Amino acid sequence: MSMIKCCFEPLEMPEFLDSFVKKCTEGCCCGCCSALRPRYKRLVDNIFPANPEDGLVKSNMEKLTFYSLRSPEKLDRIGEYLYQRASKDIYRKRYKFVEIAMEAMDLLLKACHAQILNLFVESFLRMVQKLLEDTNPTLQIMATNSFVRFANIEEDTPSYHRRYDFFISKFSSMCYGNNDDVELRDSIRMAGINGLQGVIRKTVSDDLVANIWEKQHMEKIVPSLLFNMQSGPSKSTDTEATPSTPPLLAEAVLRELVSRASFGHIKSVLKPLLTHMDHHKLWVPNRFAIDTFRIVMISIQPQYSYTVVETLMSHLDQNLTSSPKTRTSLAVVLSKIIAIAAGESVGPSALDIINNLLMHLKTSVSTQQESTPEETQYQEALINALGEFANHHPDYQKIEIMLFIMNTVPDPSNKSRGDQLLQNILLKSLLKVGTQYRTVSFEKAFPVSFLQPLLKMARAASIPIRIIVMQIFQQLLDRHQNQHLLNVISVGNYTTLTIETPSRSDILFTHKYGSNILQSIIESMSQENHLELLKSSYNTVALVIVEMACGETVQEFLLFVLGVQQVAVTEVELSPKHRCNLHSIAISLLVLLGRCTAIGTLVEYAEKLIQARKEEATYLLPPLMDNDKSAPSTLNTNLPHLLIDKLAVVECLQQTGLVEVNRIQTGTPYALNQTDTSAHRHSWVDTHSAVRNSVVDSSYNDIESISSSPGVQKRSLASEYNFESMKRVLAEPTEASKREAREKQMQIGRTFRETAFEDLVRRTEPKHDVIQNKLNEIFNALSAERQISATCGVQAGSLLVGNGLNGPLIDGAKHAASGQRPIYENNFPELFFY
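In the annotation of an unreviewed UniProt entry, the protein chain is listed under the name Protein EFR3 homolog cmp44E and assigned to Anopheles atroparvus. Quoted verbatim from the Sequence similarities (unreviewed entry) field of the UniProt record, the comment on the protein chain reads "Belongs to the EFR3 family."

Caption draft 1: Up close: the overall build of the protein chain. For the protein chain, the helix and strand inventory stands at 36 helices and zero strands. Taking all 834 residues of the protein chain together, 47% fall into the buried category. When contacts within the protein chain are restricted to residue pairs at least 6 apart in sequence, those whose partners lie at least 24 apart make up 74%. Carbon and sulfur atoms form 54% of the exposed surface of the protein chain, whose accessible area is close to 42600 Å².

Caption draft 2: Just the nonpolar core, in detail. Core analysis: the largest hydrophobic core is formed by 207 residues, its most contacted members being Leu427, Phe446, Phe473, Phe560 and Ile644. Those residues within four positions of leucine 427 in sequence are excluded, and the remaining contacts are Met406, Val409, Met457, Ile465, Ile468, Val469 and Ile472. In terms of nonpolar packing, the next biggest core, distinct from the first, is built from eight residues, Tyr619, Leu620, Met625 and Leu639 among them.

Caption draft 3: Main features of the packing of aromatic side chains. For the coordinates displayed, the defined rule picks out 17 aromatic pairs. Taking 6.2 Å as the distance between ring centres and 25° as the angle between the ring planes, the aromatic pair formed by tryptophan 283 and phenylalanine 293 counts as stacked. Within this pair, whereas tryptophan 283 is found in the loop between helix H13 (266-279) and helix H14 (287-299), its partner phenylalanine 293 is found in helix H14, the two being separated by 10 residues in sequence. Phenylalanine 293 sits in the buried class, given a relative accessible area of 1%.

Caption draft 4: Molecular detail of helix H5 (residues 75-91). Taking 1.5 Å per residue as the helical rise, H5 with its 17 residues ought to reach 24 Å, and the 24 Å between its terminal C-alpha atoms agrees with that figure. Of all the positions in H5, only Leu75, Ile78, Gly79, Tyr81, Leu82, Tyr83, Ala86, Ser87, Asp89 and Ile90 are classed as buried. Packed against the buried residues of H5 are helix H3 (39-46), helix H4 (58-70), helix H6 (95-111) and helix H7 (118-133). Once H5 finishes, lysine 93 follows within two positions and takes phi at roughly 60°, a positive value.

Caption draft 5: Layout of the side chain of serine 526. Checked against the element boundaries, serine 526 lands in the loop between helix H24 (504-525) and helix H25 (531-548). In contact with serine 526, not counting residues within four places along its chain, are Val567, Leu574, His578 and Leu672.

Caption draft 6: Just the side chain of glutamate 556, in detail. Along the chain, glutamate 556 turns up in helix H26 (residues 554-570). Note on glutamate 556: relative accessible area 9%, which makes it buried. A polar side-chain atom of glutamate 556 sits 2.3 Å from a polar atom in the side chain of tyrosine 670.

Caption draft 7: The arrangement of the packing of H3 against H5 in detail. The interhelical angle for the contact between H3 and H5, taken along N-to-C directions, is 45°, at an axis separation of 10 Å. Judged by the angle between their axes, H3 and H5 are oblique. Of the two possible hands of crossing, H3 and H5 adopt the one that is right-handed. Of H5, the residues touching H3 (which contributes Tyr40, Lys41, Val44 and Asp45) are Arg77, Ile78, Tyr81, Leu82 and Arg85.

Caption draft 8: Broad picture of the pattern of salt bridges. Enumeration over the complete set of coordinates arrives at 20 salt bridges. Salt-bridge contacts for arginine 327 lead to glutamate 375; the nearest nitrogen and oxygen are separated by 3.2 Å. Placement of arginine 327 in helix H16 (residues 324-342) and of glutamate 375 in helix H18 (residues 373-391) is noted, with a sequence separation of 48 residues between them. Of the charged contacts, one joins glutamate 607 and arginine 595 as a salt bridge, the two residues approaching to 3.4 Å between their closest N and O atoms. Taken together, the positions of glutamate 607 in helix H28 (residues 600-616) and arginine 595 in helix H27 (residues 576-596) put the pair 12 residues apart, joining distant regions of the chain. One connected set of salt bridges, linked through shared partners, spans Arg201, Glu256 and Arg260.

Caption draft 9: Looking closely at helix H23 (residues 463-477). Over its 15 residues, H23 extends 21 Å from the first C-alpha to the last, a length consistent with the 21 Å expected when each residue adds 1.5 Å. Taking burial as the measure, the 15 residues of H23 include 12 buried ones, the bulk of the element. If you check which residues of H23 are buried, you get Ile463, Ile465, Arg466, Ile467, Ile468, Val469, Met470, Ile472, Phe473, Gln474, Leu476 and Leu477. As for H23, its buried residues are in contact with helix H19 (395-408), helix H20 (417-435), helix H21 (442-445), helix H22 (448-457), H24 and H25.

Caption draft 10: Up close: the UniProt feature "repeat: Pumilio" (unreviewed entry) in the protein chain. Taking the numbering used here, the UniProt-annotated feature "repeat: Pumilio" (unreviewed entry) corresponds to residues 498-535. A helix fraction of 71% and a strand fraction of 0% characterise residues 498-535, whose end C-alpha atoms lie 20 Å from each other.

Caption draft 11: How the structure looks around the packing of H5 against H6. Look at H5 against H6: their axes get within 8 Å of each other, and the N-to-C directions meet at 160°. As summarised for this structure, H5 and H6 are arranged roughly antiparallel, according to the angle between their axes. H6 is crossed by H5, and the crossing has left-handed handedness. Contact residues: H5 offers Ile78, Gly79, Leu82, Ala86, Asp89 and Ile90, while H6 offers Phe97, Val98, Ala101, Ala104, Met105 and Leu108. In terms of residue class, the contact of H5 with H6 is made up of 10 nonpolar, one polar and one charged.

Scoring rules and cut-offs
Residues numbered from 1 in each chain as written. Predicted model: local features only at pLDDT ≥ 70, side-chain atom pairs only at ≥ 80, totals over all residues. Heavy atoms only, no water. UniProt positions renumbered as here; feature names shortened; annotations may be inferred. Helix = DSSP H or I, 4+ residues; strand = E, 2+ residues; numbered from the N terminus. Buried < 20%, exposed > 50% of the residue type's maximum accessible area, 1.4 Å probe, protein only. Contact = heavy atoms within 4.5 Å. Areas by Shrake-Rupley, 256 points an atom, 1.4 Å probe, with all protein chains shown as cover. Core = buried A, V, L, I, M, F, W, Y, C linked by side-chain atoms within 4.5 Å. Phe/Tyr/Trp six-rings, centres within 6.5 Å; stacked < 30°, edge-to-face > 60°. Expected span 1.5 Å × (residues − 1). Polar contact = N/O pair within 3.5 Å; in protein donor to acceptor, adjacent residues only side chain to side chain. Axes fitted to C-alpha atoms, helices over the stretch in contact; angles between N-to-C directions. Parallel < 35°, antiparallel > 145°, perpendicular 65-115°, else oblique. Left-handed = near helix turned anticlockwise from the far one by under 90°. Salt bridge = Lys/Arg side-chain N within 4 Å of Asp/Glu carboxyl O. Nonpolar A, V, L, I, M, F, W, Y, C, P; charged D, E, K, R; others polar.

Written out as structure tokens, the structure reads:
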């Protein structure tokens, strides 16, 4: 009877009969009792062919798919049954049937709707895990591919209990595959990387699953990706649509991981990355480190990019005791990526990065026992990082950065080796920032708070520091890229100079601060005969002339040229070679000034001087003489007819049409230790006294000036050889009297400039006694006349009283008779004071 029942089509049985039927069917020897099994099991069994090589039975698979969609509550049972069959096949090593079971799981997963996916996922993940646990590489790759397809499906229903710890560990271990077969090894590694990518996509989008950003997960994922990236080139060709090698795929996954990281999670990626670099010694050489951090900076969300810089700086702090090569490589990596973060760093974050870089520089200098090439490279790498960071900021922020750096430079009065070394390093960093700045207005490029300490550093005792200061000036002054042309000191014509008429603001800047700049330069030039320093100083002054010279400022620059010559002539402590070099610089600047201002007479005068020096003293012309080179046996640097004459220069300006030449006539040329650097601001006392004196001095010095100036036409004195001219010459004051008169005038000017107003009043008060005495005489005479008339009026008034008459005459008489002093007799000396 049981055999007959087994031959009929069974009906659906309740669940409580399932186990009973299962036992019956397992004990059936003819196989016909399988009809009593649940329909989903029979449908699952039907998808497996008799011969595993034939593959999945597609028609039966379609029936199973239709059944699962019509009865979604059976999905979990179907998945569980497929898992059981696959487990048995794995145990029996029937891998073809395992592949068929996995393929069926994939098709069911693809056909499931998002609403019912949770009913099937647990069985699916158990199936994937079972295959991954097997040692067969083919099953591992197939399971990984199935997991990736599952990760790309979006779920509507959140999962509260699903965990991916096993998959993270397994996929990470697959990334380190070391099979002898290269092709199989790459396949396993790519499967592991793909699996990690699937885990990242699945967990990042679902907030309820386990947090993948936790330390234990990132310490597995990030090193696995880096291991594959460093195993080969990470540059893909443009024709590749999808990565085809483990390094390329690992780079793509790292990009995706970093791009998905939020502000709180980015450090979870960076810490294992830095640890991997340390453990595997990937900082030296640092090509891989640079590429990796560039990938991170490009992939990260822009507003979080400065976090990478801060983390790398913090890591540099932790490696201060490491070898200089390691620190240098870290600094180089920082310099390569810091520019990317500069665009998003504003305000406090930008200054904080600058301050950190400066602190590393100071620490390097303070801990440096001796100057080593490795430590120097480390400092240069930090300076480059600072420059790259500043380069991507707007100009107004570059000025703030330069000012911030300038405020950290030690005072130039500190002459210790450590302070000088720190000054040198910080000024180099300032120069690096200045190189990136594009000057439009000198007033904005040189604010007072920045210019004053910079000029102070220009007078430092260290020659390298002064050279760096000159280079900073050159970078900020050179608006038309003329610096490379003016590197050579020459009296020739700079044919390719770009000259533009200075604006009104530049002229005002020259009037305000030009004397301060020129004074600091002349003091720097006069300290030592250092060839590089002299060339750098010439370059700076030449740029100032090219950028600022015009009819309104030419006198200031001429005073500087005369000042250079005066230092060369009067300073006794200078060596003969140093004097010759200063004369060469002075004549070169004179020629350049004449050509920049288009003053032809000045150029002609300079060329005649040059011709005269070529004939008599070539050592007063460029090129400069170094102390190491031999000099001519006789160096006469005080030949009057070969020197630049002040009055001849004035006449050149007057012939050009510049009537106002009072500045150069009355002004004092620049000199050493000149306390009043604002010499262009004269008081009215200096101006008038100097103008009066200039008329006299010009007549006294005319003959001497003309006789010693080859560029000025000599006057014919034959027509003036008469009695009157000889008498006038004999009556001229001597040099001593001239000097005494000049000193007296300077003393008067200094007195009126420095003495208090009350003292001046007291000094000038006696000068008005003559006027006061004369007024007293006049008032006394008037008073006597009034007294006489008043006496007569009293007598006449006594006669009129009886008649009842009275008037103002009687009152005036009473006032006079009382002896009271009239108001007009009061002295008012202050009315005569200016």
